[in-house]
Amino acid sequence: QLQASGGGLVQAGGSLRLSCASSGRASSRITMAWFRQAPGKEREFVAANWRSGSNTYYTDSVKGRFTISRDNTKNTVFLQMNSLKPEDTAVYYCAADERLILSSLRQAASYDYWGQGTEVTVSS
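Residues numbered from 1 in each chain as written. Predicted model: local features only at pLDDT ≥ 70, side-chain atom pairs only at ≥ 80, totals over all residues. Heavy atoms only, no water.

Colleague: Teacher, can you tell me more about the state of the cysteines here?
Modeller: Formally, a disulfide is one covalent bond, and it connects the sulfur atom of one cysteine to the sulfur atom of another. For the coordinates displayed, the defined rule picks out 1 disulfide. In this model, C20 is linked to C94 through a disulfide, with the two sulfur atoms separated by 2.1 Å. A torsion of 60° about the S-S bond marks the disulfide between C20 and C94 as right-handed. Here C94 lies in strand β9 (residues 90–97) and C20 lies in strand β3 (residues 16–22), a separation of 74 residues in the sequence. (Disulfide = S-S within 2.5 Å. Helix = DSSP H or I, 4+ residues; strand = E, 2+ residues; numbered from the N terminus.)

Colleague: Whenever I open this one, the packing of aromatic side chains confuses me. Can you help?
Modeller: Two measures describe an aromatic ring pair: the distance that separates the ring centres and the angle between the ring planes. Applying the stated criterion across every chain yields a total of 5 aromatic pairs. Note on F35 and F45: the rings are 5.6 Å apart at their centroids and 80° apart in plane angle, and the pair reads as edge-to-face. Of this pair, F35 sits in strand β4 (residues 31–37) while F45 sits in strand β5 (residues 44–49), placing them 10 residues apart in sequence. Taken together, the aromatic side chains of F35, F45, Y93, Y111 and W114 make up a single cluster linked through ring pairs. Seen from the ring of Y93, R43 lies directly overhead, with NZ or CZ sitting 3.7 Å from the centre. In this arrangement the basic side chain of R43 is found over the ring face of W114, its NZ or CZ atom lying 4.8 Å from the centre. (Phe/Tyr/Trp six-rings, centres within 6.5 Å; stacked < 30°, edge-to-face > 60°. Lys NZ or Arg CZ within 6 Å of the ring centre and 35° of its normal.)

Below, the structure is given as structure tokens:
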């Protein structure tokens, strides 16, 4: 199970830090990621940490503003979000999977495990 937290209401330019704790067993093969879904839109990829290593991937719109990190000892992934914009408003979901391949990293359908979502609202 994945448990996401840390969402809230913030003004544009502000910061939030999301956390996602996994109650599953730790594995170096698990990729953990963040997706988001704005009202009326499809769920989109935000960032991912590939197989508990140092390789990270971001969607272009958050590069330089968001940072994904991971504490493998606690099976937890974080998303530090800085310089938030109103267009970042969405429900943020964490996801995990042990078997996905790199080429499918950005596809929501590739992930078997999902957290419940945490809402982020950025006011202008």
